[in-house]
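# Inside the fold
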Amino acid sequence: MLRSRVIPCLLLQNKGLVKTQKFKDPKYVGDPINAVKIFNEKEVDELMFLDIDATFSETEPDYNLIQKIANECRMPLSYGGGVKSVEQAQKIIKLGAEKVAISSIIFDRPEIINEMAEVIGRQSVVVVLDIKKNLFGKYEIYTHNGKKKVKQGLNQTLSFLEKIGIGELVINSIDCDGKMKGYDIDLVNRIRNSVSCPLTVLGGASSQDDILNLIERFQVIGAAAGSLFVFKGIYRAVLINYLDSNYRNKIFEISNKRKK
């Protein structure tokens, strides 16, 4: 059993860091390199960077920025946004990232998962599903920064991913994004019961207790958060932060119990 990780998720737009709410109204929160330097000092478990415009605008990943980030990172790095080919994924890994996150391309070319796995290793292939409830309470998958609904249903997608095998699945709740009112526990429970692959949950974390409870209850491999680690206080002042040492120790203890 892999150790659970707590992962700051940072959104890239126009070479800067932004934070959204429900995938809308991006607010500038700083320079990505400066943020990495601070997270280095805080010894975070892993960093996830997602370029929120690359797929929507159909642009190549910003390799120069990825290299600068990777050169600065002292922790494992995951990058996603605009990746549509094996060659792009391989280049990103060579620049220093440990994982490549893909989303929309798996619905156009599902075979790309195996193609990437053969070149960069299955453990480095991460699938991100952006999920939102419709008016009838049904979960649906969206791509292109939440602007394009996928025809394929959630159950069908999960069955396919479980069958083909992926290095990691990231589920991102659009409804909870940036709201800081807690993870969508119903969604997590549904996904956890449907797949056996390593699972990371993103969207809605309001406190360190949310992260601890998520890991303890669902034994997820990753608890990711954005706003929680870039804002502070009720006025959402920009302040890069991370887990307190006592929470880190509790998560470490939970992971050790699972291994026994």
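Here the residue index of a chain counts from 1 through its sequence in written order. In keeping with the model being predicted, local features are shown solely for residues with a pLDDT of at least 70 and side-chain atom pairs are shown and tallied solely at 80 or more, while totals for entire chains, interfaces and linings include all residues. Processing note: side-chain calculations cover all non-hydrogen atoms of the structure and skip hydrogens and water entirely.

### A look at the pairing of strand β5 (residues 77–80)
A two-sided burial pattern is seen for β5, the buried positions comprising L77 and Y79 on one face and S78 and G80 on the other. Pairs of strands are assigned from DSSP output, requiring at least two bridges between the strands. Helical segments are the DSSP runs of H or I of at least four residues, strand segments are the runs of E of at least two, and each set is numbered from the N terminus. In terms of strand pairing, strand β4 (residues 47–51) meets β5 through four bridges, oriented parallel. Opposite L47, over in β5, you have L77 as the bridge partner. Bridge count for β5 against strand β6 (residues 99–102) is three bridges, and the pairing is parallel. Exposed residues in this analysis have more than 50% of their type's maximum accessible area, buried residues have under 20%, and partly exposed residues fall in between, with area computed by a 1.4 Å probe over protein chains only.

### Concerning helix α6 (residues 154–164)
All of the buried residues along α6 are L154, T157, L158, L161 and I164. Here the buried residues of α6 occupy an arc of 140 degrees about the axis, which is enough to place them on one side. Facing away from the buried surface of α6 by more than 90 degrees, the exposed residues are Q156 and K163. Should any heavy atoms of two residues lie within 4.5 Å, those residues are considered in contact. Along its buried surface, α6 packs onto α4 (105–108), α5 (112–120), β7 (125–133), β8 (139–143), β10 (168–173) and α7 (185–192). For this quantity, the arc is that covered by the directions from the helix axis to the C-beta atoms.

### Focus: unusual backbone geometry
For N14, which is not glycine, the phi dihedral falls at a positive 55 degrees. Residue position: N14 is located in the loop between β1 (5–13) and β2 (16–21). Notably, M180 is not glycine yet its phi reads approximately 55 degrees, a positive angle. Locating M180 in the fold gives a position in the loop between β10 and α7.

### Side note on a positive patch on the surface
Residues enter patches when their relative accessible area tops 30% and they take part in no salt bridge; the joining distance is 9 Å for like charges and 5 Å for the nonpolar side chains Val, Leu, Ile, Met, Phe, Trp and Tyr. To be clear on the numbers: accessible area is Shrake-Rupley with a 1.4 Å probe, and residue cover counts the displayed protein chains and nothing else. Think of a salt bridge as a Lys or Arg side-chain nitrogen and an Asp or Glu carboxyl oxygen that are within 4 Å of each other. Charged-residue counts in this description rest on Lys and Arg as positive and Asp and Glu as negative, His and the chain ends being excluded. One atom stands in for each charge, and that atom is NZ of Lys, CZ of Arg, CG of Asp or CD of Glu. Taken together, K22, K24, K132, K179 and K181 make up a surface patch of like positive charges. Note on placement: K132 falls in strand β7. On the basis of relative accessible area, K132 is assigned to the partly exposed category, the value being 32%.

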